[in-house]
Amino acid sequence: MQTCPLCDCVSAAAFFEDRLRPYYHCSQCTLIFADPTFQLSAEQEKKVYQQHQNNPLDQGYRHFLNRLAAPLITKLSAPPLYGLDFGSGPGPTLSIMLSEMGYNMTIYDPYFAYEPSVLKQEYDFVTCTEAIEHFNTPAKEWGQLVNMVKTGGWLGIMTKLAPNTDDFAHWYYKNDPTHVSFFSRETFCYLAQRDGLEVEFVGNDVILLRKTQ
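Predicted model only: the values in this text are computed from it and were never measured. (Residues numbered from 1 in each chain as written. Predicted model: local features only at pLDDT ≥ 70, side-chain atom pairs only at ≥ 80, totals over all residues. Heavy atoms only, no water.)

Observations concerning the overall build of the chain
How we decide: Only runs of H or I of at least four residues qualify as helices and only runs of E of at least two qualify as strands under DSSP, and these elements are numbered from the N terminus. Computation of the radius of gyration draws on C-alpha atoms, with the globule rule given as 2.2 Å multiplied by the number of residues to the power 0.38. In this analysis, two residues are considered to be in contact whenever any of their non-hydrogen atoms come within 4.5 Å of each other. What sets the accessible areas is the Shrake-Rupley method with a 1.4 Å probe; for residues, cover comes only from the shown protein chains. His is not counted, nor are the chain ends, whereas Lys and Arg count as positive and Asp and Glu as negative. Throughout, a charge is located at the NZ atom of Lys, the CZ atom of Arg, the CG atom of Asp or the CD atom of Glu.
Tallying secondary structure elements over the chain gives six helices and 10 strands in all. Whereas a compact globule of 213 residues would reach a radius of gyration of roughly 17 Å, the chain reaches 17 Å, a difference of no more than 12%. If you take every contact in the chain between residues at least 6 apart in sequence, the share linking residues at least 24 apart comes to 61%. For the chain, the exposed area adds up to about 10100 Å²; of that, 49% sits on carbon and sulfur atoms. Across the chain, the mean location of the 16 positive side-chain charges is 3 Å away from that of the 24 negative side-chain charges.

So, in structure tokens, the structure goes:
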């Protein structure tokens, strides 16, 4: 048994093991997480992220990010509003796209845009694309995300939703050694109920949450 790094439940059981590491499944929030003893060091993680070819001029990458941006802006009031892109990576792009639409954007990334002061502010909306699966301490980062959203504001997340046991064995998403926390629909529903959020799923990898409390 392991303690869940998201909800602190002490009954997270062995779930699956591959050539990289073992994985555990939380009986309370349903998070699937990699054995923490196999986590990469910060230096190793950064080297992997530096290999990402994220470029704001890449129209294909913009199209990919628009899967979150398009449904999110239908929920937002007209600009100006203030937003934060959390986990913006080595080539911030979503923040540029939203800035072009008239929104006032701030970025944060623990490796490439480290400015802790921006985490102490509140925003009309917060985005987190392809980053939540990298959270080594998801309870901490999730708390930061929720606390930064104003009441009535929106949290937009993009991540692949974890499949069931049989499909997980063949799931490519787990093969990235920097992917350590895997959220399912049930996980987001649990968090929404616990934290006073309304949740909406858009396709297979976009989650929109409205802060109601």
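Quick notes on the pairing of strand β1 (residues 13-17)
Rule in force here: By the convention used here, strands pair only if DSSP detects at least 2 bridges between them.
Inspection of the sheet shows β1 paired to strand β2 (residues 22-25) by four bridges, in the antiparallel sense. Bridged to glutamate 17 within β2 is proline 22. From the end of β1 to the start of β2, which pair antiparallel, there are four residues.

Some points on the sheet that holds strand β8 (residues 181-182)
Either a parallel or an antiparallel arrangement is found when strands of a sheet pair, and the pairing is made through backbone hydrogen bonds. With respect to topology, four strands assemble into an open sheet ordered β1-β2-β3-β8, the strand pairing being antiparallel. For this open sheet the edge positions go to β1 and β8, each flanked by a neighbour on one side alone.

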